[in-house]
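Working through the structure, step by step
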Amino acid sequence: MSINIDSRELKKILDVTPSTQNIMLVGRHGIGKSQILTQYFQEKGMDVVALFLGQMSDPGDLIGLPTKNTETGKTDFMPPYWFPVDGKPIVLFLDELNRARPEVLQTIMDLALNRKLAGRMLPEGSRVISAVNDGEEYQLTDLDPALVSRFNVYHFRPTAEEWLLWATQKGLDTRVTDFIQDSPMFLDGDERSRTATDSGLEKSPDRRAWHKVSDCIAGTSQLTDLHRKLVAGIVGAQATSKFFAFLSNNRIVTGKDVLLSFSKVKAQLSAYDIHQLSIVNESLFRFLETQKLKAKEKTTAKGGLTSYLDLLDSEGKREAIAHFASMFENGTYPQAIMFMMTETPEVYRTIMKFISGM
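We now turn to the structure provided with this report. No experiment lies behind these values; they were computed from the predicted model shown.

**Quick notes on the pattern of salt bridges**
In this structure the tally under the stated criterion is 9 salt bridges. Where Asp173 meets Arg175, a salt bridge forms, and the shortest distance between an N and an O atom there is 2.9 Å. No difference in accessibility class separates Asp173 from Arg175, as the two residues are buried. Taking the shortest distance from any N to any O, the salt bridge between Arg207 and Asp188 comes out at 2.8 Å. Here the residue Arg207 occupies a position in helix 8 (residues 207-217), and Asp188 occupies one in the loop between helix 7 (174-182) and helix 8, the gap between them amounting to 19 residues. On the accessibility criterion, Arg207 (6% relative accessible area) is buried. A relative accessible area of 23% places Asp188 in the partly exposed class. A network of salt bridges, in which partner residues are shared, links Asp6, Arg8 and Glu162.

**Some details on the side chain of Thr254**
For Thr254, the location among the structural elements is in the loop between helix 10 (237-248) and helix 11 (255-260). In this structure Thr254 touches Asp178 and Ser283, once residues within four positions along its chain are discounted.

**Structural notes on the packing of helix 13 (residues 274-290) against helix 15 (residues 318-330)**
One way to put it is that helix 13 packs onto helix 15 with a least axis distance of 9 Å and a crossing angle of 30 degrees. With respect to each other, helix 13 and helix 15 are oriented roughly parallel. Along this stretch, helix 13 crosses helix 15, giving a crossing that reads as right-handed. Residue-level inspection shows Ile274, Leu277, Ser278, Asn281, Glu282, Leu284 and Phe285 of helix 13 in contact with helix 15, the latter providing Glu319, Ala320, His323, Phe324, Met327 and Phe328. Considering only residue class, the contact of helix 13 with helix 15 consists of 8 nonpolar, 3 polar and 2 charged.

**Considering the pairing of strand 10 (residues 151-156)**
Inspection of the sheet shows strand 1 (residues 4-5) paired to strand 10 by 2 bridges, in the parallel sense. Along strand 10, the bridge assignment pairs Asn4 with His155. Bridging between strand 2 (residues 22-26) and strand 10 involves 5 bridges; their strand directions are parallel. Its bridge partner being in strand 10, Ile23 is matched across the sheet by Asn152.

**Quick look at the packing of aromatic side chains**
Considering all chains together, one arrives at 13 aromatic pairs under this definition. Between Tyr308 and Phe324 the ring centres are 6.5 Å apart and the planes differ by 55 degrees, which places this aromatic pair in the tilted class. Linking Tyr308 in helix 14 (residues 295-314) with Phe324 in helix 15, this pair joins segments that are 16 residues apart in sequence. Here Tyr308 matches Phe324 in class, with each residue buried. Three or more aromatic residues joined by ring pairs make a cluster, and in this case those are Phe179, Phe186, Trp210, Phe243, Phe244 and Phe246. The lysine or arginine in question, Arg120, covers the ring of Phe83, its NZ or CZ lying 5.5 Å from the ring centre. The ring of Phe244 has Arg228 lying over it, and the distance from NZ or CZ to the ring centre is 4.5 Å.

**Let's talk about unusual backbone geometry**
Leaving glycine aside, a negative phi is the common case for residues, and trans is the common case for peptide bonds. Located in the positive-phi region is Glu96, a residue other than glycine, with phi close to 60 degrees. When you line up the elements, Glu96 lands in the loop between strand 6 (90-95) and helix 4 (102-114). Owing to a relative accessible area of 16%, Glu96 belongs among the buried residues under this scheme. The phi dihedral of Arg115 falls on the positive side, at around 55 degrees, and the residue is not glycine. Within the secondary structure layout, Arg115 lies in the loop between helix 4 and strand 7 (116-117).

**Comments concerning helix 15**
Between its first and last C-alpha, helix 15 extends 18 Å over 13 residues, near the 18 Å set by a 1.5 Å rise per residue. Among the residues of helix 15, Ala320, Ile321, His323, Phe324, Ala325, Met327 and Phe328 are the ones counted as buried. As for helix 15, its buried residues are in contact with helix 6 (160-170), helix 13, helix 14, helix 16 (334-343) and helix 17 (345-356). Immediately downstream of helix 15, the backbone of Gly331 shows phi near 80 degrees, a positive value.

**Focus: the sheet that holds strand 2**
Taken together, 6 strands build an open sheet; the order of strands is 1-10-2-9-6-3 and the sheet is parallel. In this open sheet, the two strands that pair with only one neighbour each are strand 1 and strand 3 (47-52).

Analysis parameters
Residues numbered from 1 in each chain as written. Predicted model: local features only at pLDDT ≥ 70, side-chain atom pairs only at ≥ 80, totals over all residues. Heavy atoms only, no water. Salt bridge = Lys/Arg side-chain N within 4 Å of Asp/Glu carboxyl O. Buried < 20%, exposed > 50% of the residue type's maximum accessible area, 1.4 Å probe, protein only. Helix = DSSP H or I, 4+ residues; strand = E, 2+ residues; numbered from the N terminus. Contact = heavy atoms within 4.5 Å. Axes fitted to C-alpha atoms, helices over the stretch in contact; angles between N-to-C directions. Parallel < 35°, antiparallel > 145°, perpendicular 65-115°, else oblique. Left-handed = near helix turned anticlockwise from the far one by under 90°. Nonpolar A, V, L, I, M, F, W, Y, C, P; charged D, E, K, R; others polar. Pairing = 2+ DSSP bridges. Phe/Tyr/Trp six-rings, centres within 6.5 Å; stacked < 30°, edge-to-face > 60°. Lys NZ or Arg CZ within 6 Å of the ring centre and 35° of its normal. Expected span 1.5 Å × (residues − 1).

Here it is, written out as structure tokens:
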């Protein structure tokens, strides 16, 4: 049975796992493994060295080139470009571990067990983290059980909610984030949807690909047939069809609309079902989490938030309130929660009353 973790759980595991223990993350490509690790360790002042083992053709790419020691007459290995010579600990990220050649994997054995490479020790406190791809669409190398036993193994499954928060913080095009919020099943491709006639060149969506889509359409208000082909080359035909169908329908109310223009969207909100209101709730939390409101905007947002909860309560939309309360209780959006607790105490009381009555 695999152990699945999301981004928040990964960071907590990194907090409590000793540096002497290795970690292996199992997951599909494009889900942000290296990005999350780099951000986490850079915030702690550690350099992350990513080595793409699937691209290495020879152990020398990893351990360095042999050279003759003029004093001993024996062969030494020159330190590879990435090896720390200043004594500071690093995070060695071994990506595509199960796409490496068998002779490269043999070199990894000593590194994983003894933190040693060609007789040279990694600085004390260094971390070794590997990532492997899973899925039938990859050309993979079977890993020796002895090598796997030297890693703590976790199947990395970051949630769509985590990606949407990151995408909002990074300023990705709202058409992309709105679509993923409405249809999170299109955030990551599904290898099970591949057919027997697939050539291996068919595109499917992943998190990296949607970032590319955002970069390509940013600043363009009207998307044309050329944009449709452009997007299809990034995320595939099926996801593109759903994406453009979503854009052609009426735009769903955003959290920003609720907080800063409630009176304009009140009637639309009243007509929404639980699925649509859940999308509004998530957008509202993300907006409060990522935006720094000016004094006038904060006053408006306080009124909009209060009016929104009053609307849900007065119209008996208890499922929407339950979803809102669960997001509050989950703690994913600490800045948004703090806003509600300090700026809108009446909203906070409503949430707490609802939670206690569940």
